[in-house]
Amino acid sequence: MTLTLPPYAEALGIETMRDDDGRIVLTMAFGPHVQGRPKFLHGGAIAGLLEIAAFATLWDALGEEEPRPQAKPITVTTDYMRGGRERLTYAAATISRLGQRMANVESFAWQESEDKPIAAARMNFLLVRS
């Protein structure tokens, strides 16, 4: 399955890959397009990375279901744990619930080590099936 990311992902310079466990992992390189205060990532760029990781993981889990349900975010909670520095940033997500009408997804962003996240987001989606 090919993941088509939104145009905002391209603006952030996000790329996708799969890790050894088959999980979707997104990467975002540091640059002027994602810089906030000097030498740090902008919080909005981090939040965008987390949201796109959640959507990508959800779309992947829905597979080839046709027509694909619309996923509308109901709630988004983002926690910033440490400043994102001038280096490659990674993000991945896990789905804790995927029902017929609702999905709950949690995403994490990290730089040096996945064990030391720089931010996390919890998103609840309404799934609208045709």
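So, here's what we can say about the structure.

So, about the overall build of the protein. From N to C terminus, the protein includes two helices and six strands. Of the regular secondary structure in the protein, the N- to C-terminal order runs α-β-β-α-β-β-β-β. Relative to the globule expectation of 14 Å for 130 residues, the C-alpha radius of gyration of the protein, 14 Å, shows essentially globular dimensions. Overall, the C-alpha framework of the protein stretches about 45 × 25 × 25 Å when taken along its three principal axes. The buried share among the 130 residues of the protein stands at 38%. For the protein, the share of sequence-separated contacts (at least 6 apart) that also reach a separation of at least 24 residues comes to 64%. Summed over its atoms, the accessible surface of the protein is roughly 7,300 Å², and 49% of this surface lies on carbon and sulfur atoms.

Let us now look at the pairing of strand β2 (residues 24-28). Burial analysis of β2 places five of its five residues in the buried class, which makes it a mostly covered element. The pairing of strand β1 (residues 14-18) with β2 spans five bridges and is antiparallel. Bridged to Glu-15 within β2 is Thr-27. Connecting β1 to the next strand, β2, in antiparallel fashion are five residues, including Gly-22 with a positive phi near 85°.

Further remarks concern the sheet that holds strand β5 (residues 102-110). Backbone-to-backbone hydrogen bonds pair the strands of a sheet. The strands run either parallel or antiparallel. Across the sheet, six strands lie side by side as β1-β2-β4-β5-β6-β3; this open sheet has antiparallel pairing. What marks the edges here is a single partner per strand, and that holds for β1 and β3 (70-80). Pairs of neighbouring strands in the sheet enclose a mean axial angle of 25°, with direction left out of account. Note that β5 and strand β6 (residues 117-128) share nine bridges and pair antiparallel. Counterpart to Ser-107 in the pairing with β6 is Ala-121. Against the sheet, helix α2 (residues 43-62) contacts β1, β2, β3, β4 (89-98), β5 and β6, and its axis sits at roughly 45° relative to β4.

Compared with the 28 Å implied by 1.5 Å per residue over 20 residues, the 29 Å span of α2 between its first and last C-alpha is a close match. The buried fraction of α2 is high, at 14 of 20 residues. Looking at the residues trailing α2, positive phi occurs at Gly-63, about 65°.

Conventions used here
Within any chain, residue numbers begin from 1 and follow the written order of that chain's sequence. In keeping with the predicted nature of the model, local features appear solely for residues at pLDDT of at least 70, side-chain atom pairs appear and are counted solely at 80 or more, and the whole-chain, interface and lining totals rest on all residues. With hydrogens and water set aside, each side-chain value is computed from the structure's full complement of heavy atoms. Secondary structure elements follow DSSP: runs of H or I no shorter than four residues count as helices, runs of E no shorter than two count as strands, and numbering proceeds from the N terminus. The globule rule used for comparison is 2.2 Å times the number of residues to the exponent 0.38, while the radius of gyration itself is calculated over C-alpha atoms. Only protein chains enter the accessibility calculation, which uses a 1.4 Å probe; a residue whose area is less than 20% of its type maximum is buried, one above 50% is exposed, and one in between is partly exposed. Note on definitions: a residue-residue contact is assigned when non-hydrogen atoms from the two residues lie within 4.5 Å. Here the open area of atoms and residues is found with the Shrake-Rupley method and a 1.4 Å probe, where only the protein chains shown may cover a residue. Two strands pair under a simple rule: DSSP has to find at least two bridges between them. As a rule, the C-alpha atoms of each element are fitted with a line to give its axis, helices using only the stretch in contact, and angles between N-to-C directions run from 0 to 180 degrees. Expected helix span is taken as 1.5 Å per residue step, with the number of steps being one fewer than the number of residues.

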